[in-house]
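# Fold and contact review
As a plain string of letters, each chain reads:
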Amino acid sequence: MNNIDKLARQMGISIGELARRIDMQPHTLRRYTRNESQPKPDLAIKIASVFGVDPAEVLGFAVAELNPLAKIPLYGSAEAGVGSDITDMDRAIDHIDRPPFLLSATSAYAVYVVGESMVPRFKSGEILYVDPAVPIRRGADCIIQLADNLKLSCIVKEYVKATDTDITVKQFNPDKQITIPKSRVTSIHLVRGSYIT
C-alpha cells in the first residue's frame, strides 16, 4: 500500500498539481492514490522528488527509524567517474538530525557535496540542508535534481536563470555557466544552510 495520497495531503499538494509536476494524467495518478495499482520504481522516484522524500516512503515501505519531526534523509553516494560532482538521489544513505531552522520544513532533506566544482563556497564532504518549499531566486545556491534512465541524481550549483526550455546555473571551479535542458530537470530546491563534517 503506497503513501502517495497521505504525502500529498501532508505537503499540501493536490493530486492534480502532483500529476502536472510529474507529467501524468490526473485520472491515472488517482488510480495509484486509491491503491488500485502500485507505482513502479521510476514513478516512485518522480513522486519522491516532488515531495523531497525517499522513494521507499512513497511506496509505503518503512524508512529505518524515520521520525519526520526529528530526522531528515541524507543523500550522498557519488556517481562513478573522475571529477564527477553528481550525487545519487535514488535512496537515502542515512537519516540525520533536523536542524532547528528546518523544523517546519516537512519535505526538507540533506545531501553531501560531491566533487570540487563549488569550491570555495562548498567543499566535498560538506552537508547541505535543502528546503524544497522555499522559492528559488537568482544567485541562490540550489540542488538541481536530474532524472536520466530512471535514475535520480542531483548537482549543487548557483541559480542564474530559466527559460522555457533550459535552466542556467553557475559553478566556481572552474568558473563557468552551465545550461541544462529542462527536460532533464525534475526539480530545483533551495539550499538553506550547510554543515562542515
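Let me sum up the structure you'll find in this document.

Rules of the game
- Position numbers for residues count from 1 along each chain, tracking the sequence in the order it is written.
- Whole-chain, interface and lining totals are the exception, using all residues; otherwise, since this is a predicted model, local features are given only for residues with pLDDT of at least 70 and side-chain atom pairs are given and counted only at 80 or more.
- The basis for the side-chain values is all heavy atoms of the structure; hydrogens and waters are excluded.
- Using a 1.4 Å probe on the protein chains alone, a residue whose accessible area is under 20% of its type maximum counts as buried, one over 50% counts as exposed, and one in between counts as partly exposed.
- Only runs of H or I of at least four residues qualify as helices and only runs of E of at least two qualify as strands under DSSP, and these elements are numbered from the N terminus.
- Between any two strands, pairing holds if DSSP finds at least two bridges.
- The definitions used throughout rest on a 1 Å grid laid over the protein atoms alone, on which a cavity is an enclosed set of points accommodating a 1.4 Å probe that cannot get out and a pocket is an open set flanked by protein within 12 Å on both sides along at least five of seven lines; lining residues are those having an atom within 4 Å of a point.
- Grid points are joined across faces, edges and corners, and a volume is the space filled by probe spheres set on the points.
- Charged means Asp, Glu, Lys or Arg here, nonpolar means Ala, Val, Leu, Ile, Met, Phe, Trp, Tyr, Cys or Pro, and polar covers whatever is left, Gly included.
- Whenever Lys or Arg places a side-chain nitrogen within 4 Å of a carboxyl oxygen from Asp or Glu, that contact is recorded as a salt bridge.

Glancing now at the pairing of strand 6 (residues 141-148). The buried fraction of strand 6 is high, at six of eight residues. When strand 6 meets strand 7 (residues 151-162), the two strands line up antiparallel, connected through eight bridges. Following the sheet pairing, Gln145 is matched in strand 7 by Cys154. Between strand 6 and the antiparallel strand that follows it, strand 7, lie two residues; Asn149 among them carries a positive phi value of about 50°.

Here we take up empty space enclosed by the protein. Taken as a whole and assessed by the stated rule, the structure comprises two cavities of 30 Å³ or more. For the largest cavity, the calculated volume is near 40 Å³. Around the largest cavity sit Ala48, Ser49, Gly52, Val53, Pro55, Tyr75, Met89, Tyr109, Gln145 and Leu152, which together line it. Considered class by class, the residues forming the lining of the largest cavity number seven nonpolar, three polar and no charged. Approximately 40 Å³ is the volume attributed to the second largest cavity. Around the second largest cavity sit Asp85, Thr87, Val111, Tyr112, Val113, Val114, Leu128, Ile143, Cys154, Ile155 and Val156, which together line it. For the lining of the second largest cavity, the elements supplying multiple residues, two or more each, are strand 4 (109-112) and strand 7. Examining the composition of the lining of the second largest cavity, we find that three residues originate from one element, strand 7, more than from any other. Counted by class, the lining of the second largest cavity contains nine nonpolar, one polar and one charged residues.

The subject of this paragraph is unusual backbone geometry. Here the amide bond leading from Val119 into Pro120 is cis, since omega sits at 15°, within 30 degrees of zero. One can find Pro120 in the loop between strand 4 and strand 5 (127-131). With an omega of 0°, the peptide bond running from Asn173 to Pro174 counts as cis. Residue placement: Pro174 occurs in the loop between strand 8 (166-172) and strand 9 (175-181). One non-glycine residue, Asp23, adopts positive backbone phi at about 60°. Here Asp23 is to be found in the loop between helix 2 (15-21) and helix 3 (26-33). With a relative accessible area of 72%, Asp23 lands in the exposed category.

Our next topic: the pattern of salt bridges. According to the stated counting rule, one finds eight salt bridges in the structure shown. Between Glu36 and Arg34 there is a salt bridge; the shortest N-O distance is 2.7 Å. In the salt-bridge network here, residues are joined through shared partners; they are Glu17, Arg20 and Arg21.

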